[in-house]
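Descriptive analysis of the structure
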Amino acid sequence: MSDWREELRQQLADGGRIAVLGAGSVLCGDDAAGMLVIDYLREQAQEDTALLLCAGSTAPENFTGEIKRFAPQHLLVVDAAYIGREPGAIQIITADAIHGAGFSTHMLPFPLMLDYLRAHLDCSVTVIGVQPRCTDFGADAGAEVTAAARLLAATILELLGKGAAKA
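As a starting point, this report considers the structure included with it. Please read all numbers here as calculations on a predicted model, not as lab measurements. (Residues numbered from 1 in each chain as written. Predicted model: local features only at pLDDT ≥ 70, side-chain atom pairs only at ≥ 80, totals over all residues. Heavy atoms only, no water.)

**Things to note about helix α5 (residues 143-159)**
What counts is decided by this rule: Secondary structure follows DSSP: runs of H or I at least 4 residues long count as helices, runs of E at least 2 residues long count as strands, and numbering of each begins at the N terminus. A helix is expected to span 1.5 Å multiplied by its residue count minus one. We call a residue buried when its accessible area falls under 20% of the maximum for its residue type, exposed when it is over 50%, and partly exposed in between, using a 1.4 Å probe and counting protein chains only. Whether two residues are in contact is decided by their heavy atoms: any pair within 4.5 Å suffices.
Taking 1.5 Å per residue as the helical rise, α5 with its 17 residues ought to reach 24 Å, and the 24 Å between its terminal C-alpha atoms agrees with that figure. Within α5, burial applies to Val-145, Thr-146, Ala-148, Ala-149, Leu-152, Ala-153, Ala-154, Thr-155, Ile-156 and Leu-157. Buried residues in α5 make contact with α1 (4-11), α2 (33-44), β3 (74-80), β4 (90-93) and β5 (124-130). Downstream of α5 by a residue or two, Gly-161 has a phi angle that is positive, lying close to 75°.

**Remarks on the environment of Pro-60**
The topology assignment puts Pro-60 in the loop between β2 (51-57) and α3 (64-70). Considering only alpha carbons, one finds Pro-60 and Ala-23, 37 residues apart in sequence, at a separation of 5.9 Å.

**Brief notes about the nonpolar core**
The cut-off we apply is this: What is meant by a nonpolar core is a set of buried Ala, Val, Leu, Ile, Met, Phe, Trp, Tyr and Cys residues, joined one to another through side-chain atoms within 4.5 Å.
With 30 residues, the main nonpolar core has Leu-8, Val-20 and Leu-152 as its most contacted residues. Those elements that provide at least two residues to this core are α1, β1 (18-23), α2, β2, β3, β4, β5 and α5. If one sorts the elements of this core by residue count, α5 sits on top with seven residues. Not counting chain neighbours up to four residues away, the residues in contact with Val-20 comprise Ile-38, Leu-41, Leu-51, Leu-52, Leu-53, Cys-54, Leu-76 and Val-78. Counting residues in hydrophobic clusters, the runner-up holds 21 residues, among them Phe-70, Met-113, Leu-121 and Val-127.

**Considering the environment of Ile-128**
Following the sequence through the fold, Ile-128 ends up in strand β5. The spacing of Ile-128 and Thr-94 is 34 residues in sequence and 8.9 Å in space, taken between C-alpha atoms. Setting aside its immediate chain neighbours within four residues, Ile-128 contacts Leu-8, Leu-76, Val-77, Val-78, Asp-79, Ile-90, Gln-91, Ile-92 and Leu-152.

**Regarding the sheet that holds β3**
Inclusion rule: Between any two strands, at least two bridges found by DSSP are needed for them to pair. Axis definition: a line fit to C-alpha positions, over the contact stretch in the case of helices; interaxial angles, taken between N-to-C directions, run 0 to 180 degrees.
Taken together, five strands build an open sheet; the order of strands is β2-β1-β3-β5-β4 and the sheet is mixed. One side of each edge strand has no neighbouring strand; the edge strands of this open sheet are β2 and β4. Each neighbouring strand pair of the sheet contributes to a mean axis angle of 20°, computed without reference to strand direction. Here β3 runs beside β5; their pairing, made up of seven bridges, is parallel. Within β5, the residue paired with Leu-75 across the bridge is Val-125.

**A word on the environment of Ala-71**
By secondary structure assignment, the location of Ala-71 is in the loop between α3 and β3. The spacing of Ala-71 and Ile-18 is 53 residues in sequence and 8.8 Å in space, taken between C-alpha atoms.

**Considering the packing of α2 against α5**
Basically, it comes down to this: Note on terminology: angles under 35 degrees are roughly parallel, angles over 145 are roughly antiparallel, angles of 65 to 115 are roughly perpendicular, and the others are oblique. In this scheme the crossing of two helices becomes right-handed for a clockwise turn of the near helix relative to the far one and left-handed for an anticlockwise turn of less than a right angle.
Relative to each other, α2 and α5 sit at 45°, their axes nearing to 8 Å. Taken together, the axes of α2 and α5 are oblique relative to one another. For the crossing formed where α2 meets α5, the hand is right-handed. Note on element contacts: α5 touches α2 through Val-145, Thr-146, Ala-149, Arg-150, Leu-152, Ala-153, Ala-154, Ile-156 and Leu-157, opposite Ala-33, Leu-36, Val-37, Tyr-40, Leu-41 and Gln-44.

Given below as structure tokens:
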């Protein structure tokens, strides 16, 4: 299995406008992974017209119009995903594997939304999954997923030249 940081570095190497779409429910424990990444990016990122942060929650499809208007060169979609690894593991999920990974709390089926975005955007679309431990309603996000979200946000900022990676 390759290192997600290296894969992400290669995908973002040409720079340009980046949109980050976080998905998941903050009411369901570790399902909040994508939302936590957006929160941490908002805390650490400077105002930047080349970076769009979208807190998609349980209806990330509601941001497709805003993302299309922004016209990014790269779209990163971050969500909790059952990837069969330890809690907090981060993995780039290929288009082929999207249908096999488990995404649970979305109004529109996740693969359908991704197919729509790929068809209507002239940019790369990268899905980043974070393995949850517990997605029970009313649970808080666990330490592993919280740490993974912080690391992922810091890594994105580092790769964009907007900060140093901090765990």
